[in-house]
Amino acid sequence: MGQKNIVTCIDAGSEYCPCYLAENNECITCSHLQGKSFCDCNWSGVCIYQEFSWCGNMKKNPRETIESKIIEKKQFGENVFVFKFHVSKTLARQLKQPGSYIFVRDMEKPLYFDVPMSIMYADEQRGEIHIAVQILGVKTKALLDCQEKMFIKGPYWNGLIGLKDLKGTEDKDVLVVGRGIALAPAMLAVEYLLHHHNRITFVIDPGKTGSAFIEDYFNGLEMDKVYLNLRTEEGLKQLSHLFRQKSYSLVYSGGSDLLHQSLKDLIAKSDENIKLVATNNHEICCGEGVCGSCTAHTINGKRIKMCKAQVDVEEIIERGNIHG
Ligand code: FES
């Protein structure tokens, strides 16, 4: 994020800004819309307060739940399913950015069955998005009954912390590490990084899910692939060895808090200015900054809503606030 202690909102300047938070003096970015009488937003090209005024002191229309046709549902191993959906080309384009996710729900189930799922692949030409679901609990089990259609709501974008560093990386060596079901969101990041002429070493830890569900997506992509079991000491040793082999500018951590912490420790030991981007593992419930289930605290004790806020990734890890 460059400067420390800066919290920005992933939705700022999008068609969903200003939102409910602005109407309630809780805007993540705009000090006026936090009830203060001064302007202190680290101007990023959009005045949320002005937008709010233009909208008659009201929020813009929030994201809507839509019915989406299931093009394909395919099982991998015991408990992973890949769902392919038909969506509008606009939505597919909006969901191409690293960190994108949607809420999905069986159409027979009530609202509280909404569950966030990372986008693994988006094709704006065909109007198609793919997600990988690990069947774990009540909400994901309910998705197994869906044959023809599903409710989806999106686009949401805050699935990664440290997005600005990822987006600012061009023509560099990047280490991408993904474990289990978190290999799915790594694919959008990998595509983005390759598009920006980066050279990727992709460490794949199949974890409990296996990696068969993403093989079709990364086959053919030009990068070095290494399979490791990062739950073992040997695996971590090999990761450390790999890490020292190149002068990486960015490390992507896709997995649990433990993985984030291991990679952060490697970076700290290296004494290099290596940026870290990590999957956002906080409990996302409403995705709109309203319910509070994703609340975390930065090093300085600032309360932030992790469904919307982008912070320097170290600020969260140091508090042990990235969940797995
Ligand atoms: S998920 Fe509800 S406030 Fe963040």
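Model, not experiment: these values are computed from the prediction. (Residues numbered from 1 in each chain as written. Predicted model: local features only at pLDDT ≥ 70, side-chain atom pairs only at ≥ 80, totals over all residues. Heavy atoms only, no water.)

S.K.: Any chance you could explain the overall build of the protein chain here in plain terms?
M.R.: Per the secondary structure count, the protein chain includes ten helices and 17 strands. For a compact globule of 324 residues, the expected C-alpha radius of gyration is about 20 Å, and the protein chain comes in at 19 Å, within 12% of that figure. Taken over the C-alpha atoms alone, the protein chain extends approximately 60 × 50 × 35 Å along its principal axes. Taking all 324 residues of the protein chain together, the buried fraction comes to 52%. Sequence separation of 24 or more characterises 68% of the internal contacts of the protein chain that already satisfy a separation of 6 or more. A distance of 2 Å separates the average location of the 38 positive side-chain charges in the protein chain from that of its 40 negative side-chain charges. (Helix = DSSP H or I, 4+ residues; strand = E, 2+ residues; numbered from the N terminus. Rg over C-alpha atoms; globule rule 2.2 N^0.38 Å. Buried < 20%, exposed > 50% of the residue type's maximum accessible area, 1.4 Å probe, protein only. Contact = heavy atoms within 4.5 Å. Lys, Arg positive; Asp, Glu negative; His and termini not counted. Charge placed at Lys NZ, Arg CZ, Asp CG, Glu CD.)

S.K.: Hey, could you run me through the sheet that holds strand 4 (residues 101-105) in this one?
M.R.: By way of backbone hydrogen bonds, the strands of a sheet pair with one another, either parallel or antiparallel. Spatially, the seven strands line up as an open sheet ordered 5-4-8-2-3-7-6, and their pairing is antiparallel. A strand with exactly one partner marks an edge of an open sheet, and here the two such strands are strand 5 (115-118) and strand 6 (121-123). The average angle at which neighbouring strand axes cross in this sheet is 35 degrees, direction not considered. When strand 2 (residues 65-76) meets strand 8 (residues 149-156), the two strands line up antiparallel, connected through five bridges. (Pairing = 2+ DSSP bridges. Axes fitted to C-alpha atoms, helices over the stretch in contact; angles between N-to-C directions.)

S.K.: So what exactly am I meant to see when it comes to the domain arrangement of the protein chain here?
M.R.: Many structure descriptions define interface size as the accessible area lost when the parts assemble. As assigned here, the protein chain comprises domain 1 (17-60), domain 2 (65-156) and domain 3 (160-282 + 312-317). Each partner contributes residues to the interface: domain 2 has 19 residues there, and domain 3 has 17 residues. Inspection of the domain 2/domain 3 interface yields one salt bridge. Note that Lys96 and Glu191 form a salt bridge whose closest N and O atoms lie 4.0 Å from each other. At the surface where domain 2 touches domain 3, the tally comes to two residue pairs in polar contact (both at pLDDT 80 or more). For the side of domain 2 that touches domain 3, the elements supplying multiple residues, two or more each, are strand 3 (80-86), strand 6 and strand 7 (128-134). No other element matches strand 7, which puts four residues into the side of domain 2 that touches domain 3. Across the side of domain 2 that touches domain 3, the residue classes break down as eleven nonpolar, six polar and two charged. (Domains from an automatic or database assignment. Salt bridge = Lys/Arg side-chain N within 4 Å of Asp/Glu carboxyl O. Polar contact = N/O pair within 3.5 Å; in protein donor to acceptor, adjacent residues only side chain to side chain. Nonpolar A, V, L, I, M, F, W, Y, C, P; charged D, E, K, R; others polar.)

S.K.: Is there a simple way to think about helix 8 (residues 233-245) in this case?
M.R.: Given 3.6 residues per turn, any residue in an α-helix points the same way as the ones three and four places further on. Here helix 8 spans 19 Å end to end across 13 residues, near enough to the 18 Å set by a 1.5 Å rise per residue. Those residues of helix 8 not exposed but buried are Gly235, Leu239, Ser240, Leu242 and Phe243. Take helix 8 and look down its axis: the buried residues cluster within an arc of 160 degrees, on one side only. Exposed side chains of helix 8 directed beyond 90 degrees from the buried face belong to Glu233, Lys237, Arg244 and Gln245. Where helix 8 is buried, its residues touch strand 10 (173-179), strand 11 (199-205), strand 12 (224-227), strand 13 (250-254) and helix 9 (257-270). (Expected span 1.5 Å × (residues − 1). Arc of directions from axis to C-beta.)

S.K.: Just to check I follow, could you spell out helix 6 (residues 183-195) for this structure?
M.R.: For helix 6, with 13 residues, the first-to-last C-alpha span of 19 Å sits near the 18 Å given by 1.5 Å per residue. Backbone geometry just downstream of helix 6 places His197 in the positive-phi region, at approximately 60 degrees.

S.K.: I'm lost on the state of the cysteines in this one. Help?
M.R.: Joining two cysteines, a disulfide is a covalent bond between their sulfur atoms. On inspection of all chains with the given rule, the structure shows zero disulfides. Looking at Cys285, it has no disulfide partner, and the nearest cysteine sulfur is the one in Cys291, 4.3 Å off. What makes Cys285 partly exposed here is its relative accessible area of 45%. (Disulfide = S-S within 2.5 Å.)

S.K.: Mind showing me how you'd approach the packing of aromatic side chains here?
M.R.: Each aromatic ring pair is described using two quantities: the centre-to-centre distance and the angle formed by the ring planes. By the definition in use, this model includes nine aromatic pairs. Ring geometry for Tyr101 and Tyr156: centres 5.3 Å apart, planes at 25 degrees, overall stacked. Within this pair, whereas Tyr101 is found in strand 4, its partner Tyr156 is found in strand 8, the two being separated by 55 residues in sequence. Here Tyr101 and Tyr156 have matching classes, each one buried. Ring centres of Tyr121 and Tyr217 lie 5.8 Å apart, and the angle between their planes is 55 degrees; on these two criteria the pair is classed as tilted. With Tyr121 in strand 6 and Tyr217 in helix 7 (residues 212-218), this pair connects stretches of sequence that are 96 residues apart. Here Tyr121 and Tyr217 have matching classes, each one buried. Among the aromatic residues, those joined into a cluster by ring pairs are Tyr101, Phe103 and Tyr156. Cation over ring: Arg63 sits above Tyr16, and NZ or CZ is 4.3 Å from the ring centre. The ring of Phe113 is capped by Lys109, whose NZ or CZ atom sits 5.9 Å from the centre of that ring. (Phe/Tyr/Trp six-rings, centres within 6.5 Å; stacked < 30°, edge-to-face > 60°. Lys NZ or Arg CZ within 6 Å of the ring centre and 35° of its normal.)

S.K.: Whenever I open this one, the pairing of strand 2 confuses me. Can you help?
M.R.: Summarising the sheet, strand 2 and strand 3 pair through seven bridges and their orientation is antiparallel. Note that in strand 3 the partner of Glu72 across the bridge is Lys84. What sits between the antiparallel neighbours strand 2 and strand 3 is a turn of three residues, in which Gly77 has the positive phi angle 65 degrees.

S.K.: Would you mind going over the sheet that holds strand 13 with me for this structure?
M.R.: The strand order across the open sheet formed by six strands is 9-14-13-10-11-12, and the pairing between neighbours is mixed. Lying at the two open borders of the sheet, with one neighbouring strand each, are strand 9 (160-161) and strand 12. As paired strands, strand 10 and strand 13 are joined by five bridges and run parallel to one another. Bridging across to strand 13, Val174 finds its partner in Leu250.

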